[in-house]
Amino acid sequence: MIGKSSLVNTNKLIRNYTGATGLKTGSTALALYNLSASATRDNLSLIAVIMKAPTTKIRFAEASKLLDYGFSNYSYKEFGKTGDTVKTLTVNKGVVGSVDAILENSCGALVKKGEDKNLVQNINLDDSIVAPVTKGQKLGEVSYSINGEVVGSSSIVAAHDVNKIGLWNMTTFLYETWYKLIR
């Protein structure tokens, strides 16, 4: 026979606060009522820590105020995701004429609401490169700043290999092209 069980959670925010994800309550006679509360909204996760609250009701109210302040005044701004194409570069002396320059890592930052209007993207990347190119090879860098302060950056890398053109692969390329034409 399968028995019934129930879970008890002393963190009232789990049931009453939009986006609450947890965390930990605690109390002792000396430390009084404490709470580490976490919540996530719109891709922004925050943690509020309340220590030495005189009552359990106050610890939850103060944690809610802190989380509300964070969600009202800040947001997570995503600048780009891993693999996003920044630019397509010309490849000189390569078996193919171009390679996508992509973000190596996802990039974003905690931004005070309204300040994202001052966001500046700075891309340090040549227009063309010379083969050979290897997948993941660093080609440049992108940085993001707000009011002159860098808030995020990522390397820009090659999306795929590009071999250097040589006698053998040139012959193969010409043969394949000719074969396609007569087909």
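A quick note: this is a predicted structure, and the numbers were derived from the prediction, not measured. (Residues numbered from 1 in each chain as written. Predicted model: local features only at pLDDT ≥ 70, side-chain atom pairs only at ≥ 80, totals over all residues. Heavy atoms only, no water.)

Colleague: Just checking my understanding: could you explain the pairing of strand S7 (residues 107-112) for this structure?
Modeller: Both faces of the sheet carry side chains from a regular strand, because those side chains alternate between them. By the alternation rule, side chains of S7 split into Cys107, Ala109 and Val111, which are all buried, and Gly108, Leu110 and Lys112, of which none is buried. Looking at chain direction, strand S4 (residues 74-80) and S7 are connected through six bridges and run antiparallel. Note on S7: the bridge partner recorded for Gly80 is Cys107. (Buried < 20%, exposed > 50% of the residue type's maximum accessible area, 1.4 Å probe, protein only. Helix = DSSP H or I, 4+ residues; strand = E, 2+ residues; numbered from the N terminus. Pairing = 2+ DSSP bridges.)

Colleague: For this particular structure, what's the right way to read a nonpolar patch on the surface?
Modeller: Side chains of Val95, Val96, Ile165, Met170 and Leu174 sit close together on the surface and give an oily, nonpolar patch of about 360 Å² of accessible area. Note that Leu174 resides in helix H3 (residues 167-182). In this structure Leu174 comes out as exposed when scored by relative accessible area, which is 52%. (Patch = residues over 30% accessible without salt bridge, like charges linked within 9 Å, V, L, I, M, F, W, Y side chains within 5 Å. Areas by Shrake-Rupley, 256 points an atom, 1.4 Å probe, with all protein chains shown as cover. Salt bridge = Lys/Arg side-chain N within 4 Å of Asp/Glu carboxyl O.)

Colleague: Hey, could you run me through the sheet that holds strand S9 (residues 128-130) in this one?
Modeller: Hydrogen bonds between backbone atoms are what pair the strands of a sheet, whose relative direction is either parallel or antiparallel. The strand order across the open sheet formed by six strands is S8-S10-S11-S6-S5-S9, and the pairing between neighbours is mixed. Looking at which strands have only one partner, the edges of the open sheet turn out to be strand S8 (119-125) and S9. Strand-to-strand twist in this sheet, taken as the mean axis angle between neighbours without regard to direction, amounts to 30°. Of the pairings in the sheet, the one linking strand S10 (residues 138-146) to strand S11 (residues 149-158) comprises eight bridges and is antiparallel in character. (Axes fitted to C-alpha atoms, helices over the stretch in contact; angles between N-to-C directions.)

Colleague: How should the environment of Leu139 be read in this particular structure?
Modeller: Inspection of the secondary structure puts Leu139 in strand S10. Taking the C-alpha atoms as reference points, Leu139 and Ser128, eleven residues apart in sequence, are found 9.8 Å from one another. In this structure Leu139 touches Leu89, Ala101, Asn124, Leu125, Ile129, Ile156, Val157 and Ala158, once residues within four positions along its chain are discounted. (Contact = heavy atoms within 4.5 Å.)

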